[in-house]
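So you can see what is in the structure, the chains are spelled out below.
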Amino acid sequence: MGGFPAVRPRRLRRGEAMRRLARETSPSSARYILPFFVVPGQGIKQEIGSLPGVYRHSVDSLVDEAAAAFDTGVEGIILFGIPETKDAAGTGAYSNDGITQRAMRALREKVPGLLRIGDVCLCEYTDHGHCGLLAEEGRGSGGDAPLEVANDPTLELLGRTAVSLAQAGADLIAPSDMMDGRVGAIRTALDDAGFDQVPILSYAAKYASVFYGPFRDAAGSAPRSGDRRGYQMDPSNAREAMREIALDIDEGADIVMVKPAMPYLDIIRMARDRFDVPIAAFQVSGEYAMIQAAAARGWIDRERAISESLTSIRRAGADIVLTYFAREGVRLR
C-alpha cells in the first residue's frame, strides 16, 4: 500500500471541507462535485448544445456560478479549461497564465470556502486531442512513427501541470490521463515543489467509453486521429481495474475514481469492497445528457431519474460523486 512520505492520510484532514469530502458516512453535500468548463474572455456564458443546462464560462461568469452553487450547498468543483490556442505539447495545461490557472486564482480569492479540484490531462490543450505527447514528438523520430502516446515523456508534463495548478490554488489534483506511473510522478513533483500536503484524486479506473461524447464536444478534445483505447481501459475488464487502482494507491493516490459511473457500478462495488480509501465515481457527460434528453421528451421523470441514478452510484459504494447534477444531488439527498 506504500508508505511515508508518499502516503500521508493527514492530507485529507486539512480543513472542514476536506474532512467532509473524505467522511465515510456523512450525507454531506461535499460528496457532490460539480464540473465547470472555463474559457478565455469576459462575460461569457455559452450553453453547450449536447449538454443542456451546462455552460462554457469565462472566469468572471464562472466565479459567479461557482459562488451561487456554493451558496446552495455544493462544496466542491472540478475545472476543465479550454485554451485560446492548442499545440502538440499541450503547453496551455501547465502555463502559469493558463485559463485554468487564472480561474483557480480567481476562485481562491472570490469563493475561498469552495473546494477546488484541478483536472490534470493534456487532451483539452493538444492540437491532436490525445492525453499526452505523441510518440514521434516524445522520441524525436521525425514524425514517421505510428500514432501512439509516449507514456514516460508525458509524465514530466503532467507533473508540471499539477504543480502549476497547486500554485494557483487547487486543493486537490485529479490526473485523468491514464498514463502508467503518473500518480507517482505527480506525487514526486508536488512534494519537490513544497506541496506535499496536496492530495491526489486519481482517475484510477477510466474506461475507453462512448459516454464521453458530449464532454469532448464541450471541450473540443476529441482525437483528430486514432482513439484512446491504447491507454484508457477496455470496458470488458474488471480485474484489470482492481490492478490499476492498487497501483495508483501504491504510488500515493489519496482518493481513487471509477469513470464512467452507472455502466460500471460493479467496478465501484469491487473497489469499495477491496480498498480502504475514499472511492469517487464520475457520472459523465453522456449519462447526464441521456437523462436530460429523455426527460425533455417526457419519457422519464427527471427528478426521479436524477435521484435514482445518484442513489445507485452511492449504493454501489462511491463516497464522492462528480456529476453535472450536483446541485440536484444537494437538494435530493
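Provided above is the structure to which this section pertains.
Bear in mind the structure is a predicted one, so any value in this text is a computation, not a measurement.

Trainee: Describe empty space enclosed by the protein, naming the residues involved and giving the relevant values.
Mentor: If you walk through the whole model with that rule in mind, you get two cavities of 30 Å³ or more. Here the largest cavity is characterised by a volume of approximately 140 Å³. Taken together, 19 residues form the lining of the largest cavity, with Lys 206, Tyr 212, Phe 215, Arg 228 and Lys 259 sitting closest to its centre. Elements that contribute at least two residues to the lining of the largest cavity include exactly strand E7 (201-206) and helix H7 (213-219). Looking at side-chain class alone, the lining of the largest cavity contains nine nonpolar, four polar and six charged residues. In this structure, the second largest cavity occupies an estimated 50 Å³ of space. Looking at the second largest cavity, the residues that line it are Leu 79, Phe 80, Gly 81, Ala 93, Thr 100, Gln 101, Asp 119, Cys 121, Glu 124, Tyr 125, Thr 161 and Leu 165. Only strand E4 (76-81), helix H3 (99-110) and helix H5 (151-168) provide two or more residues apiece to the lining of the second largest cavity. Of the residues forming the lining of the second largest cavity, the biggest block, three residues, is contributed by E4. Of the residues contributing to the lining of the second largest cavity, the split by class is six nonpolar, four polar and two charged.

Trainee: Which residues make up the packing of helix H2 (residues 59-71) against H3, and what values do they have?
Mentor: With their axes 10 Å apart at the nearest point, H2 and H3 run at an angle of 45° to one another. Classified by the angle between their axes, H2 and H3 sit oblique to one another. Of the two possible hands of crossing, H2 and H3 adopt the one that is right-handed. The residues of H3 that touch H2, namely those facing Val 59, Leu 62, Val 63 and Ala 66, are Ile 99, Arg 102, Ala 103, Ala 106, Leu 107 and Lys 110. Split into classes, the residues belonging to the contact of H2 with H3 amount to eight nonpolar, no polar and two charged.

Trainee: An account of helix H10 (residues 285-296) is needed here, citing residue identities and associated values.
Mentor: Taking 1.5 Å of rise per residue, 12 residues should cover 16 Å, and H10 covers 16 Å from first to last C-alpha, within 8% of that figure. A large share of H10 lies buried, amounting to nine of its 12 residues. For H10, every residue scored as buried is listed here: Ser 285, Gly 286, Glu 287, Tyr 288, Ala 289, Ile 291, Gln 292, Ala 294 and Ala 295. The inward-facing, buried residues of H10 contact strand E3 (51-57), H7, strand E9 (279-283) and helix H11 (302-316). At the C-terminal side of H10, Gly 298 shows a positive phi close to 75°.

Trainee: Help me get a handle on the pattern of salt bridges, residues and values and all.
Mentor: Throughout the structure, instances matching the rule amount to 19 salt bridges. Notably, a salt bridge pairs Lys 45 with Glu 65, separated by 3.0 Å at the nearest N-O pair. Here the residue Lys 45 occupies a position in strand E2 (residues 45-48), and Glu 65 occupies one in helix H2, the gap between them amounting to 20 residues. You can call Lys 45 partly exposed: its relative accessible area is 43%. Two residues, Asp 97 and Arg 102, come together in a salt bridge whose shortest N-O distance is 3.9 Å. Overlapping salt bridges bring together Arg 11, Arg 187, Asp 191 and Asp 254 as one network.

Trainee: Could you give an account of the packing of aromatic side chains, naming the residues involved and the relevant values?
Mentor: Enumeration over the complete set of coordinates arrives at nine aromatic pairs. Arranged with centres 4.6 Å apart and planes meeting at 40°, the rings of Tyr 288 and Phe 325 form a pair that is tilted. With Tyr 288 in helix H10 and Phe 325 in the loop between strand E10 (320-323) and helix H12 (326-332), this residue pair connects regions lying 37 residues apart in the sequence. Accessibility expressed as a relative area gives 3% for Tyr 288, which makes it buried. You can call Phe 325 buried: its relative accessible area is 0%. Just above the ring of Phe 215 sits the side chain of Lys 259; from NZ or CZ to the centre is 5.7 Å.

Trainee: Before we move on, can you summarise the environment of Ile 173 with the specific residues and values?
Mentor: With respect to the element layout, Ile 173 can be found in strand E6 (residues 172-175). As for Ile 173 and Ala 218, which are separated by 45 residues in sequence, their C-alpha atoms are 21 Å apart. The residues touching Ile 173, leaving out its near neighbours within four places in the chain, are Gly 118, Val 120, Ala 162, Leu 165, Ala 166, Ile 186, Leu 190, Val 198, Pro 199, Ile 200 and Leu 201.

Trainee: Lay out the packing of helix H9 (residues 265-274) against H11 in plain terms, naming residues and giving numbers.
Mentor: A pair of packed helices is captured by two measures, namely the crossing angle of their axes and the spacing between those axes. Orientation of H9 relative to H11, taken along the N-to-C sense of each, is 35°, at an axis distance of 8 Å. Residue-level inspection shows Leu 265, Ile 268, Arg 269 and Arg 272 of H9 in contact with H11, the latter providing Ser 312, Ile 313, Arg 315 and Ala 316. A per-class count over the contact of H9 with H11 returns four nonpolar, one polar and three charged.

Trainee: Before we move on, can you summarise the pairing of E7 with the specific residues and values?
Mentor: The element E7 is largely enclosed, with a buried count of six among its six residues. Where E7 lies against strand E8 (residues 255-259), four bridges are found, and the strand directions are parallel. Its bridge partner being in E8, Leu 201 is matched across the sheet by Ile 255.

Scoring rules and cut-offs
- Residues numbered from 1 in each chain as written.
- Predicted model: local features only at pLDDT ≥ 70, side-chain atom pairs only at ≥ 80, totals over all residues.
- Heavy atoms only, no water.
- 1 Å grid on protein atoms, 1.4 Å probe; cavity = no way out; pocket = protein on both sides within 12 Å on 5 of 7 lines; lining within 4 Å.
- Points joined across faces, edges and corners; volume = space filled by probe spheres on them.
- Helix = DSSP H or I, 4+ residues; strand = E, 2+ residues; numbered from the N terminus.
- Nonpolar A, V, L, I, M, F, W, Y, C, P; charged D, E, K, R; others polar.
- Axes fitted to C-alpha atoms, helices over the stretch in contact; angles between N-to-C directions.
- Parallel < 35°, antiparallel > 145°, perpendicular 65-115°, else oblique.
- Left-handed = near helix turned anticlockwise from the far one by under 90°.
- Contact = heavy atoms within 4.5 Å.
- Expected span 1.5 Å × (residues − 1).
- Buried < 20%, exposed > 50% of the residue type's maximum accessible area, 1.4 Å probe, protein only.
- Salt bridge = Lys/Arg side-chain N within 4 Å of Asp/Glu carboxyl O.
- Phe/Tyr/Trp six-rings, centres within 6.5 Å; stacked < 30°, edge-to-face > 60°.
- Lys NZ or Arg CZ within 6 Å of the ring centre and 35° of its normal.
- Pairing = 2+ DSSP bridges.

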